[in-house]
Amino acid sequence: LSSIDIPDSVTVIGEGAFRYCGGLASLTIPSSVTAIGNNAFSFCNSLEDVHIYAPVTSIGDSAFYYCSSLTSVTLPDTVITIGNYAFYGCTGLVSLTIPGSVTEIGRGAFKNCNSLITIDIPDSVISLADQVFSNCTNLSSVSIGSSVSSMGENIFSGCSNLVEINAHVNNT
């Protein structure tokens, strides 16, 4: 299984739906899907490119866990929550844009994403859970938007190349 054509009749990608599909290389989630379940694509080690379209509002816990070949993720402006460990261990992830609709980023959501270099956390984000970016060893620059009022523990633990954190003056 190297590609999946998800029909427009699908509204939710359920828990573990494509877990361990090691040959899956590319994925486009159609505009009919509103939620991506927990572990939906975890351990899809060949998955390189993911395009997710509106109206997806949530990325489930461990949805793309250990998709180590994933280099790019496009999230729509409808995503509100990024679940715990959603992209944990995506060691090839170089490019990520967190849309301005996201309010919550779960525990360890981007932990061990070693290829990330910069992260811009938009003004819409209110909460960053524990270990969100821990062990992102190449992360060098982070901008934190104005609405973050809750930050968990060890958010940047193990980010050995982090030299710049820009926090908005309104952060408490």
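In this text, all values refer to a predicted model and were calculated from it rather than measured experimentally.

Caption draft 1: Representation of the nonpolar core in the model. Counting 52 residues, the largest nonpolar core has F41, I59, F64, F87 and F110 as its most contacted members. Discounting residues that sit within four places of it in the chain, F87 has contacts with I59, F64, L70, V73, I82, A109, F110, K111 and C113.

Caption draft 2: Main features of the pairing of strand 11 (residues 118-121). Judged by which residues are buried, strand 11 turns out to be one-sided: I119 and I121 face inward and are buried, whereas T118 and D120, on the alternate face, are not. In the sheet, strand 11 pairs with strand 13 (residues 141-144) via four bridges, with the strands oriented parallel. Paired with I119 across the bridge in strand 13 is V142.

Caption draft 3: Structural detail: the sheet that holds strand 15 (residues 164-167). Spatially, the three strands line up as an open sheet ordered 11-13-15, and their pairing is parallel. Looking at which strands have only one partner, the edges of the open sheet turn out to be strand 11 and strand 15. Each strand of the sheet is rotated relative to its neighbour by a mean of 5°, with strand direction disregarded.

Rules of the game
Residues numbered from 1 in each chain as written. Predicted model: local features only at pLDDT ≥ 70, side-chain atom pairs only at ≥ 80, totals over all residues. Heavy atoms only, no water. Core = buried A, V, L, I, M, F, W, Y, C linked by side-chain atoms within 4.5 Å. Buried < 20%, exposed > 50% of the residue type's maximum accessible area, 1.4 Å probe, protein only. Contact = heavy atoms within 4.5 Å. Helix = DSSP H or I, 4+ residues; strand = E, 2+ residues; numbered from the N terminus. Pairing = 2+ DSSP bridges. Axes fitted to C-alpha atoms, helices over the stretch in contact; angles between N-to-C directions.

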